[in-house]
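Each chain is listed here by its residues.
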Amino acid sequence: MTQILSSAPIKKKISKDLKNECKFLIENGIHPYLKVILIGNNPASLIYTASKKKFCERIGAKCDIIALSEDIDQLTFLKTIEEINQDSNVQGCIIQLPLPKHLSHLDVGKLISQEKDIDGFHPDNLYAVLSNHESTDHFVSCTPKGIITLLLENNIEIANKRVAIIGRSMIVGKPLACLFTNHDATVTLCHSKTLNIREITKECDIIVSAVGIANMVDESFISSKKNQVVIDVGMNTDTEGLLCGDVDFEKVKDLVLAITPVPGGVGPMTIISLAQNLLQASKNRLSL
Ligand code: NAP
């Protein structure tokens, strides 16, 4: 039987720990507080930010969504972030991507101060991952961190495994390749210019798809040995407008050892990681 790697049991377990940690922080004078900067009305961004707020509040943290107009000028946008950087009551800040075109030249990773960058995009946070320098002062990008948590919680070995990641973005593919490497896996990072991707994925123990093309990964990417773990990061809409991943779940699920569903797989793990990072940022403020 194929193992369906649902995030639900992990969410239940980790939420309990996070609630306790949050209570402890509040008792010690720090109420974890996240500010999410949302620009415009992108429907997917509205859903993602609402989910983040809901989970933060569920564990007892505070979360405000700072909704800015689509045509906000650069100066006002930067001023808003600077005010949050300076606000000692706020421990975490994230900017919901994508940015509108007129702001897309800005290097988002450098805007939020390192100690509040709980998305893990700041150069110092990325360097900590790159150099395998684990430290409570630094934050690991949420989706890669959530994927590793999902595998570890399901007792899926990473060390000595061959991993194929499809997609080389700064927020998923590249940091994830580093994390897997730090866990002693051997990684092949594939992208749109990679030749013969299917030959690579068929040879690997773990396949991660972070591309953004609905149902792209079908049975032709999978080995016939039924020994692979498939992680689907994609959040796409199918022809009927329903949320779906990069992996054609129905075609692949019976051909592998384990697979994440969409929804209910990597998405909630990303939010769990965000909450973990927020509480870590808050703990870093404690002077115990
Ligand atoms: P992105 O920045 O657009 O990057 C997409 C990557 O896929 C690029 O590296 C691109 O290659 C590669 N690619 C495109 N077409 C390809 C093809 N035909 N074959 C192989 N590689 C191909 O995307 P992203 O921000 O990483 O997001 C990827 C997906 O994950 C999206 O669906 C997004 O919504 C989802 N996502 C989900 C979560 C979550 O929490 N579940 C979090 C983040 C993202 P090039 O570099 O050569 O262009």
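Residues numbered from 1 in each chain as written. Predicted model: local features only at pLDDT ≥ 70, side-chain atom pairs only at ≥ 80, totals over all residues. Heavy atoms only, no water.

Q: What is the right way to read the packing of aromatic side chains from this model?
A: Aromatic rings considered in pairs are described by the distance between their centres and by the relative angle of their planes. Within the structure shown, the criterion is met by zero aromatic pairs. Sitting over the face of the ring of Tyr33, Lys62 holds its NZ or CZ atom 4.5 Å from the ring centroid. (Phe/Tyr/Trp six-rings, centres within 6.5 Å; stacked < 30°, edge-to-face > 60°. Lys NZ or Arg CZ within 6 Å of the ring centre and 35° of its normal.)

Q: Quick question: what am I supposed to make of the site of the ligand here?
A: Around the ligand lies a shell of 22 residues, among which Arg168, Ser169, Ser192, Met235 and Thr270 are the nearest. One of the side-chain nitrogen or oxygen atoms of Arg168 is found 2.7 Å away from an oxygen atom of the ligand. Protein burial of the ligand: of its 930 Å² of free accessible surface, 70% is covered by the chains. Counting residues per element, the shell around the ligand draws most heavily on helix H9 (residues 266–283), which supplies three residues. Residues belonging to the shell around the ligand are distributed by class as follows: eleven nonpolar, ten polar and one charged. (Near = heavy atom within 4 Å. Polar contact = N/O pair within 3.5 Å; in protein donor to acceptor, adjacent residues only side chain to side chain. Areas by Shrake-Rupley, 256 points an atom, 1.4 Å probe, with all protein chains shown as cover. Helix = DSSP H or I, 4+ residues; strand = E, 2+ residues; numbered from the N terminus. Nonpolar A, V, L, I, M, F, W, Y, C, P; charged D, E, K, R; others polar.)

Q: Explain the environment of Ile4 to me, please; I cannot follow it from the model alone.
A: Structurally, the position occupied by Ile4 is in strand E1 (residues 3–4). Judged by relative accessible area, which is 41%, Ile4 ranks as partly exposed. Counting along the chain gives 256 residues from Ile4 to Thr260, while the straight-line C-alpha distance between them is 5.8 Å. Setting aside anything within four residues of it in sequence, one finds Ile4 in contact with Phe249, Ile259 and Pro261. (Buried < 20%, exposed > 50% of the residue type's maximum accessible area, 1.4 Å probe, protein only. Contact = heavy atoms within 4.5 Å.)

Q: Help me understand the pairing of strand E7 (residues 206–209), please; the structure alone is not making it clear to me.
A: The side chains of a regular strand alternate, residue by residue, between the two faces of the sheet. The alternating pattern of E7 places Ile206 and Val208 and Ile207 and Ser209 on opposite faces, both of which are buried. Taken together, the four bridges between strand E5 (residues 162–166) and E7 define a ladder with parallel strand orientation. Looking across to E7, one finds that Val163 is bridged to Ile206. By the bridge criterion, four bridges tie E7 to strand E8 (residues 229–232) in an arrangement that is parallel. What sits directly across from Ser209, in E8, is Asp232. (Pairing = 2+ DSSP bridges.)

Q: Please clarify how the sheet that holds E7 should be interpreted in this entry.
A: Pairing between sheet strands relies on hydrogen bonds along the backbone, with the strands arranged either parallel or antiparallel. In space, the six strands of this open sheet follow the order E1-E11-E8-E7-E5-E6, with parallel pairing throughout. Among the strands making up the open sheet, the edge pair consists of E1 and strand E6 (186–190). Taken strand by strand, helix H6 (residues 173–182) contacts E5, E6 and E7, and its axis lies near 170° from that of E6. (Axes fitted to C-alpha atoms, helices over the stretch in contact; angles between N-to-C directions.)

Q: Can you help me understand the pattern of salt bridges in this one?
A: Side chains carrying opposite charge are able to pair once their charged atoms draw close together. Enumeration over the complete set of coordinates arrives at eleven salt bridges. As a salt-bridge pair, Lys253 and Glu250 come within 3.0 Å of each other at their nearest N and O atoms. We classify Lys253 as partly exposed; its relative accessible area is 22%. The exposure class assigned to Glu250 is exposed, which follows from its relative accessible area of 55%. In this structure, Lys253 engages Asp254 in a salt bridge whose closest nitrogen and oxygen atoms are separated by 3.9 Å. Salt bridges sharing partners connect three or more residues here, namely Arg162, Glu203 and Asp205. (Salt bridge = Lys/Arg side-chain N within 4 Å of Asp/Glu carboxyl O.)

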